Structure formats: C-alpha cells, structure tokens
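# Structure at a glance
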Amino acid sequence: MFFSMLSEAWHAMGANRLRTFLTMLGMVIGVGAVVLMMAIGEGAQQSIKRSIDSMGSNLFVILSGSSSTSGSRSASGNSSALNMNDATAIGDLDDIGAFAPISVGNAQIIYAGNNSNTPIVGTTPSYFSIRRWDVESGELFSDADVRSANRVALVGKTVVENLFGDDIDPIGKTIRIKKSPFLIVGVLEGKGQSFDGRDQDDTIIVPITTAQRKLFGNQIPGSVRMIMAQAKSEKYMGVAEDGINDLIRQRHNIRENTESDFSVRNLTAMAKTASDTAKTMSMLLGAIASISLLVGGIGIMNIMLVSVTERTREIGIRMAIGAREKDILLQFLLEACVISIVGCVIGVGLGLGGALLVKKMVGAEILISMQSIVLAFSVAASIGVFFGYYPASKAAKLRPIEALRYQ
Amino acid sequence: MTNNVIEITGLYKDYDTPAGVFPVLKDVNLTIEAGDYVAIMGPSGSGKSTFMNILGCLDRPTKGEYKLNNQSVKSLNNNQLAALRNRTIGFVFQGFNLLARSSLVDNVALPLVYAKDQKELRTKIAKNILERMGLGQYFESRPNQISGGQQQRVAIARALVNQPRIILADEPTGNLDSKTSDEIMKIFDELNQIGNTIIIVTHENAIADHARRQIRFLDGKIVEDHRNKKELEKA
Ligand SMILES: Nc1ncnc2c1ncn2[C@@H]1O[C@H](COP(=O)(O)OP(=O)(O)OP(=O)(O)O)[C@@H](O)[C@H]1O
Ligand SMILES: [Mg+2]
C-alpha cells in the first residue's frame with residue numbers, strides 16, 4: 001500500500017516535470033547550502049581546535065615591548081627588555097609549573113646545496129614539555145646541551161621535506177645555519193597550523209644559549225625575545241597573570257602608572273576567543289543557509305497548495321470510490337516528502353561537491369560529518385511533512401461531493 | 001431485518017446558496033428491495049442527482065432517515081462512509097470521472113488500492129474485469145485515448161471491481177449515442193440478472209424500460225412510482 005502510494009506520488013510529480021524540478025531546486029539549494037556551510041564551519045572549528053591542542057594548555061607568553069607599541073619597539077631593536085633571569089624568576093612563582101625562555105629569528109639554512117629561510121627557535125628542553133611536543137625520531141636536546149651551548153638542532157617536518165626530501169634520514173646529518181654547522185639530533189612530530197595560521201612544522205629548534213651566542217649575536221647577551229610560562233592549572237591562570245606582571249614590573253623597576261616594557265598574553269584565553277569566534281561564525285553560516293532551506297520549504301507548500309486546487313476533482317473521484325481522509329492526506333504528504341527528500345539527496349551531493357571544491361580551490365579545511373548529513377536529511381523530511389501537511393489536510397478535508405463538482 | 005437494501009423516510013435536502021437556503025428534496029420516502037432494477041426519471045433540476053448523491057453516500061441529507069442495508073447512515077463517520085463507497089456501492093457518473101493521468105488498469109484497480117489489496121492481485125482483478133468489458137487490448141491506454149462508450153465501460157468496471165451489491169448510475173448513457181447506450185445497458189441488465197440492485201437515472205424512456213420499476217421526481221418529490229408494464233404483463 002505504502003509502496004504503491006509512493007510510486008503514485010512519483011508519477012504525480014512526473015506529470016508536471018518543470019514545476020516539480022523548480023520546487024525541488026529550492027530544497028536542493030537550501031540543503032546544499034546547509035551542508036556546504038556546515039562543512040566549512042566545522043572544518044574551521046576543527047582546525048582551530050587542533051592547533052589549540054597543539055599549543056599546550058594554560059599558557060602565557062611574556063613578550064618584550066609594551067602591549068600597545070610592541071610592534072614598533074621590537075622593530076627598533078630596543079626590545080631586549082626580557083632576559084634569562086626574568087625567566088628563572090617567573091619559573092620560581094608559586095603558580096607557575098614550567099617556563100621556557102625563547103629567542104627567535106629567521107636564518108638561512110643550507111644542506112647539500114638546498115637552502116631555505118626558516119624560523120629558528122632557541123629555547124630550553126622544558127619548552128617541549130610545555131608544548132607537549134616530542135620527537136618523531138632521534139631525541140630532544142638536553143639541559144647539558146643548553147649549558148654547554150652545543151650546536152645541536154631539532155628540525156620540524158616541513159624543514160625535513162624542504163631540505164632532505166623523502167629518501168634521506170636527517171638524523172646525524174649536519175646542516176649549516178647562518179654558515180655554522182649544526183648536528184641534527186631529532187625530527188619533531190608534526191604539529192600542523194597554529195591558530196593564527198602559521199605552519200608550526202616549518203621551524204628549527206636549538207638550545208637557547210647556542211642561539212644567543214652563535215646565531216643572534218647582535219643581541220644584548222642573556223636577552224630573550226619571549227618567555228613561555230605554564231600555570232599549574234587552569235584555576236591559577238588569573239593569579240599567575242597578576243603574579244607575572246607584578247614580578248617583572250618590580251624587576252624592571254617600573255614605576256606605578258607607567259607602561260610596562262613587556263606584555264603578558266594569556267594564550268589559552270586567546271585560543272578560546274578564536275574558537276568561540278569560529279563557532280559563532282559557523283553557526284551564523286548555518287543560520288543563513290537554514291533560511292534558504294526555509295524558503296525551499298515554503299516553495300513546497302506553495303506548489304502543494306496549487307496542486308491540491310488543481311486536483312480537487314481527482315480528490316473527489318478518489319473519495320467517491322472509497323479513499324478515506326487518511327489516504328488523501330498521506331498521498332499529498334508523501335508527494336511533499338518525496339520532493340523534499342529527493343531535493344535533499346541532490347542537495348547533499350551538491351553540498352559535498354561544493355565543499356570538496358572549496359577545499360581544493362581555497363585550501364580551507366572542511367569537515368563533512370555524518371551528523372550534518374543526517375541533520376540535513378531529517379530537516380528536509382520534517383520540512384516536507386511540515387510544509388506539506390497544511391495543503392494535504394486541506395485536500396483530505398474536502399467533502400466528496402464538493403470536490404467532484406469542482407470545475 | 002427486511003430484504004430492503006435502501007429505506008428512505010422523510011428525506012430533505014437543502015442547498016445553502018448565496019441567495020439563501022434552497023430546498024431541493026422535500027420529504028422523499030422510498031424503499032428499494034435487494035435485487036431490484038429501478039429507473040429514476042424526471043425533468044432537469046427536479047433533484048435526481050441530489051438524491052443519487054445522497055444514496056451514494058457522497059453527500060448527507062439535511063433531514064430524514066436513510067438506511068442502507070438496515071443501517072442508519074447518519075450514525076456513520078467519514079471513514080465508515082468511505083468504506084461503504086468502496087465496497088457496498090458502485091457509482092457510475094454521467095461524465096465517467098476517470099483519472100486522466102492513469103492507465104485504464106490503474107483506474108479500474110483504484111478502489112482495490114483503498115481496499116488494501118496487494119498489487120499483483122489488484123492488477124489481475126482489474127485486467128480480468130476490463131477483458132470482460134471487451135477492453136482487453138487497452139490495458140495501458142489513457143482514458144483520452146479511447147471512445148466515450150469505452151470510457152463509460154471502464155468507469156463501470158471500476159465501480160464493479162470491489163463487487164458491490166448496489167450499483168448507482170447517474171445518467172450513465174447521457175453522453176453516449178443510442179447504439180453505445182444499448183451496449184452499456186446490456187451490462188447493467190446482466191449485473192441485475194446476477195442479483196445486484198441497480199438504480200439508474202435517465203431521461204430516456206428506452207433506457208428506463210430496461211428497469212423493472214420506474215420512479216418520477218418532480219420538484220424534489222416523488223410523484224410517480226410504478227412497476228414496468230412489461231414486468232406487469234409478465235406477472
Ligand atoms: N451544489 C449546489 N448548490 C446549490 N444548488 C444546487 C447544487 N446542486 C444542485 N443544485 C440545485 O438543485 C436543483 C436540483 O439539482 P440536481 O442536479 O439534483 O437536478 P437533476 O434532477 O439531477 O437535473 P438534471 O436532470 O439536469 O441532471 C437544481 O435546481 C440545482 O440548481
Ligand atoms: Mg442530474
């Protein structure tokens with residue numbers, strides 16, 4: 001019974017192909033937009049979540065230079081406000097679990113005729129535990145390497161690709177950074193993009209002492225570009241931030257009501273902001289797409305109402321030979337559902353195709369979850385039922401004789 | 001229990017029109033026995049179709065009692081009325097009322113759909129009955145591809161497909177020429193011979209002569225009700 005009604009619905013739709021197609025198109029566009037927007041939104045959220053996870057938790061970064069003028073100050077070379085002793089002092093704070101001083105700079109690196117310009121990070125081994133970063137092969141450098149400023153280096157995956165290709169194992173090889181030779185002791189695990197869009201694997205990490213003395217020799221001895229500090233737990237974040245501010249202001253002899261020559265950034269809070277923004281954006285995208293779905297639904301309702309009016313006589317005939325209200329209701333409801341579900345199937349296909357296209361053209365990360373497809377389907381079916389119900393019940397409530405007399 | 005399939009007492013039907021209430025049937029009383037063959041006649045506008053529609057449970061009377069197979073129709077809900085239209089009564093219209101988009105087989109099988117028969121069975125029954133109506137080669141045709149007489153035969157086939165015992169026909173030959181009318185009437189005669197109750201509205205005496213009983217409506221009332229002369233002679 002149900003199946004034959006289904007095939008009848010199919011035939012009824014075939015009777016006016018162009019109209020059915022146009023009605024369906026509304027659903028196709030609506031569902032396609034929802035699927036595409038959800039794929040993009042969820043992809044963005046996912047990539048942000050991944051980079052936040054790759055960052056490490058409960059983190060502060062203390063940068064030299066005031067928060068308002070950090071850019072120009074660091075550019076003027078007057079930025080060496082932070083030093084190794086500041087870092088150790090921060091590490092001694094009660095609420096701070098770990099710290100790592102960091103010097104950064106770009107340098108020309110060369111291996112066997114290949115060269116590239118790569119960000120260099122000089123730091124201590126605690127950096128790896130703070131950032132939950134380990135080697136994929138080889139090993140990390142040690143505190144002893146830092147003490148004796150050894151020329152050892154850890155390389156990120158992108159560097160390996162650029163410099164060595166697939167065939168050569170970089171461990172034990174010597175590369176030249178700013179012309180001085182460094183021994184590669186390990187290859188770092190892939191981290192992917194940071195949430196501000198940098199490739200975190202395009203980096204070389206060396207002991208901070210080595211960096212200060214042999215790579216960035218023009219800096220004031222002992223100075224560091226930034227300090228990374230990790231609070232003992234999330235609930236100490238606020239106290240720890242105040243503690244760091246007070247400590248460094250005191251150490252730098254900054255009087256009250258004057259600007260600090262450094263800034264403390266709560267990376268965890270920034271990350272949360274970024275992920276909230278992504279979430280809001282993806283919800284916004286979804287909401288806009290849903291409006292087109294709604295418009296599609298209204299299109300179905302409109303056409304079904306026209307169809308009921310056009311087919312009033314047919315309804316009368318069916319009733320005259322024994323169709324119950326329920327049969328007529330089901331017939332028109334089924335037609336609305338077939339339109340919306342077929343439209344949905346095409347829409348899902350189009351949305352997925354669009355998402356893949358976006359991935360290919362723009363390179364944006366997309367995430368196609370089963371959930372979003374199931375959601376689109378159930379929404380489409382509900383739209384079929386919801387917007388089909390009124391016209392269908394209007395058909396079912398017709399009195400047989402009046403429907404038969406309708407011209 | 002009586003042998004009466006239809007018992008009508010004090011039946012009124014008014015139409016609500018913009019110009020006010022318009023009475024069409026005024027105190028109609030009628031009893032029809034099972035297996036009878038009745039012709040309803042009367043001038044245009046006298047209320048014949050209105051009456052037939054009430055008999056066929058397509059419309060409800062304004063007032064009065066209609067018992068179908070000893071059951072008061074007033075007490076039935078819409079689903080029960082639909083079931084009566086589906087199985088108990090076969091209705092044949094002057095304008096055929098076939099579904100233009102469906103094949104003849106599908107048209108004839110439609111009442112079986114609402115009777116919840118299986119698809120194979122439906123098709124089998126529909127084809128069988130179409131064959132008996134001499135439409136064996138038109139199974140997949142559309143109604144507009146066959147003649148009026150053939151369309152009416154399809155409509156009759158559809159009315160018969162659930163084997164109702166009462167067949168109501170409102171001017172079934174009204175759109176047909178006399179030769180085709182004869183062919184259609186032959187079908188009704190046969191149906192009556194195997195025991196079905198037939199009620200047929202017509203303007204033509206030749207058609208009415210097929211029936212055993214003739215009723216005449218005038219201005220919403222039955223003014224004449226008699227047995228056919230031939231019938232009486234036979235008796
Ligand atoms: N739906 C309606 N609304 C208002 N008046 C109606 C309606 N249907 C029929 N009538 C009126 O009721 C009267 C009886 O109509 P009905 O169709 O029963 O006549 P009839 O005897 O079948 O006529 P004919 O022989 O022409 O078919 C007519 O005057 C007609 O105008
Ligand atoms: Mg009439």
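Everything below is about the structure printed above this text.
Below you will find a few notes about this structure.

Next up on the list: the packing of helix α5 (residues 148–160) of chain B against helix α6 (residues 178–193) of chain B. Residues and elements named next belong to chain B. Interhelical geometry of α5 versus α6 gives an angle of 15° and a closest axis separation of 10 Å. Comparing their axes, α6 and α5 come out roughly parallel. With respect to the hand of their crossing, α5 and α6 are arranged in right-handed fashion. Residues G149, Q152, R153, I156 and L160 of α5 lie in contact with α6, whose contacting residues are T180, E183, I184, I187, F188 and L191. Counted by class, the contact of α5 with α6 contains six nonpolar, three polar and two charged residues.

Residues and elements named next belong to chain B. Taking strand neighbours across the sheet as the criterion, the four strands line up as β2-β1-β4-β5 in an open arrangement whose pairing is antiparallel. Only two strands of the sheet have a single partner each, and these edge strands are β2 (20–33) and β5 (71–72). In this sheet, β5 lies alongside strand β4 (residues 63–68) in antiparallel orientation, the contact comprising two bridges. What sits directly across from K67, in β5, is S72. The strands touched by helix α1 (residues 48–55) within the sheet are β1 (4–17), β2 and β4, with β1 carrying the most contacts at an inclination of about 120°.

Residue and element names in this part refer to chain B. For ligand 1, the set of nearby residues contains 15 residues, the closest of which are S44, G45, K48, S49 and T50. Here an oxygen atom of ligand 1 sits 3.3 Å away from a polar atom, N or O, in the main chain of S46. One nitrogen or oxygen atom from the side chain of K48 is found 2.6 Å from an oxygen atom belonging to ligand 1. Contact with the protein chains covers 68% of the free accessible surface of ligand 1, which is 630 Å². Elements that contribute at least two residues to the shell around ligand 1 include exactly β1, β2 and α1.

What follows is about the side chain of T197(B). All names here are of chain B. Structurally, T197 is set in strand β8 (residues 197–201). On the basis of relative accessibility, which here comes to 2%, the residue T197 falls in the buried class. A polar side-chain atom of T197 sits 2.9 Å from the main-chain amide nitrogen of G35. Discounting residues that sit within four places of it in the chain, T197 has contacts with V5, I32, E33, A34, G35, D36, R165, I166 and I167.

Attention shifts here to the interface of chain B and chain A. Taken together, the contact between chain B and chain A spans 21 residues of the former and 24 residues of the latter. Taking both sides of the interface into account, the surface hidden between chain B and chain A amounts to around 2100 Å²; carbon and sulfur atoms contribute 56%. For the pair chain B and chain A, the interface holds two salt bridges. When contributions to the side of chain B that touches chain A are tallied by element, the ones reaching two or more residues are α2 (78–88) and α3 (104–114) of chain B. With five residues, α2(B) is the largest single contributor of residues to the side of chain B that touches chain A. For the side of chain B that touches chain A, the residue count by class is ten nonpolar, five polar and six charged.

Inspection of the entire model under this criterion finds six aromatic pairs over all chains. A ring pair is formed by Y127(A) and F128(A), whose centres lie 5.8 Å apart and whose planes are at 80°; its orientation type is edge-to-face. With relative accessibility at 2%, the residue F128(A) sits in the buried group. Plain terms: the ring middles of F386(A) and F387(A) are 5.0 Å apart, the flat faces sit at 85° to each other, and that makes the pair edge-to-face. Note on F386(A): relative accessible area 59%, which makes it exposed. With a relative accessible area of 9%, F387(A) lands in the buried category. Put simply, the rings of Y127(A), F128(A) and F141(A) touch in pairs and so form one group of aromatic residues. Here the basic side chain of K63(B) rests over the ring of Y12(B), its NZ or CZ set 4.5 Å away from the ring centre.

On to helix α10 (residues 267–310) of chain A. In this model, α10(A) (44 residues) spans 64 Å end to end at C-alpha, consistent with the 64 Å of a helix rising 1.5 Å per residue. The distance from a side-chain oxygen at the start of α10(A) to the backbone nitrogen of T268(A) is 3.1 Å, and the residue carrying that oxygen is N266(A).

Residue and element names in this part refer to chain B. What the six strands build is an open sheet, ordered β6-β7-β8-β3-β9-β10; its pairing is mixed. A single partner strand is all that each edge strand has here, and the edge strands are β6 (89–92) and β10 (221–227). Each neighbouring strand pair of the sheet contributes to a mean axis angle of 15°, computed without reference to strand direction. Relative to β8, strand β7 (residues 166–170) runs parallel, the two sharing five bridges. For A169, the partnering residue across the bridge sits in β8 and is I200. In the packing of α1 onto the sheet, contacts are made with β3 (37–41), β6, β7, β8 and β9 (213–218), and the angle to β7 comes to roughly 155°. Here α6 sits on the sheet in contact with β3, β6, β7 and β8, set at roughly 150° to β8.

Calculation criteria
The written sequence of each chain sets the order in which its residues are numbered from 1. Chain letters start at A and ligand numbers start at 1, both assigned in the order the entries are written. Under the rules for a predicted model, residues below a pLDDT of 70 receive no local features and side-chain atom pairs below 80 are neither given nor counted, while totals for whole chains, interfaces and linings still include all residues. Only hydrogens and water are set aside; all other atoms, that is, all heavy atoms of the structure, feed into the side-chain values. Note on geometry: axes are C-alpha line fits, over the in-contact stretch for helices, and angles between N-to-C directions span 0 to 180 degrees. Going along the chain from the N terminus, every DSSP run of H or I of four or more residues is numbered as a helix, and every run of E of two or more is numbered as a strand. Roughly parallel here means an angle under 35 degrees, roughly antiparallel means over 145, roughly perpendicular means 65 to 115, and every remaining angle is called oblique. Definitions for this section: a left-handed crossing has its near helix turned counterclockwise from the far helix by less than a right angle. A right-handed crossing has that turn clockwise. A contact between two residues is defined here by any heavy atoms of the two lying within 4.5 Å. All amino acids are sorted into three groups, where Ala, Val, Leu, Ile, Met, Phe, Trp, Tyr, Cys and Pro are nonpolar, Asp, Glu, Lys and Arg are charged, and the leftover types, Gly among them, are polar. Strand pairing follows a simple DSSP-based rule, namely that at least 2 bridges must link the two strands. The criterion for a residue being near a molecule or strand is simple. One of its heavy atoms has to lie within 4 Å of it. Pairing of N or O atoms within 3.5 Å defines a polar contact, subject to two protein rules: one partner must be a possible hydrogen donor and the other a possible acceptor, and residues neighboring in sequence count only if both atoms are side-chain atoms. Computed by Shrake-Rupley with a 1.4 Å probe, the accessible areas treat only the displayed protein chains as cover when residues are assessed. Only protein chains enter the accessibility calculation, which uses a 1.4 Å probe; a residue is then buried when its area is under 20% of its type maximum, exposed when over 50%, and partly exposed in between. As a working definition, buried area equals the accessible area (1.4 Å probe) given up by two parts on being put together, with both sides summed. When a carboxyl oxygen of Asp or Glu lies within 4 Å of a side-chain nitrogen of Lys or Arg, that pair is called a salt bridge. Whether two aromatic rings pair depends on their centres lying within 6.5 Å, for rings of Phe, Tyr and Trp, where Trp uses its six-membered ring; planes under 30 degrees apart make the pair stacked, over 60 edge-to-face, and the rest tilted. In this analysis the charged atom, NZ for Lys or CZ for Arg, is taken to sit over a ring once it is within 6 Å of the ring centre and within 35 degrees of the ring normal. Given the number of residues in a helix, its expected span is that number minus one, multiplied by 1.5 Å.

Nothing here speaks to function; it is geometry throughout.
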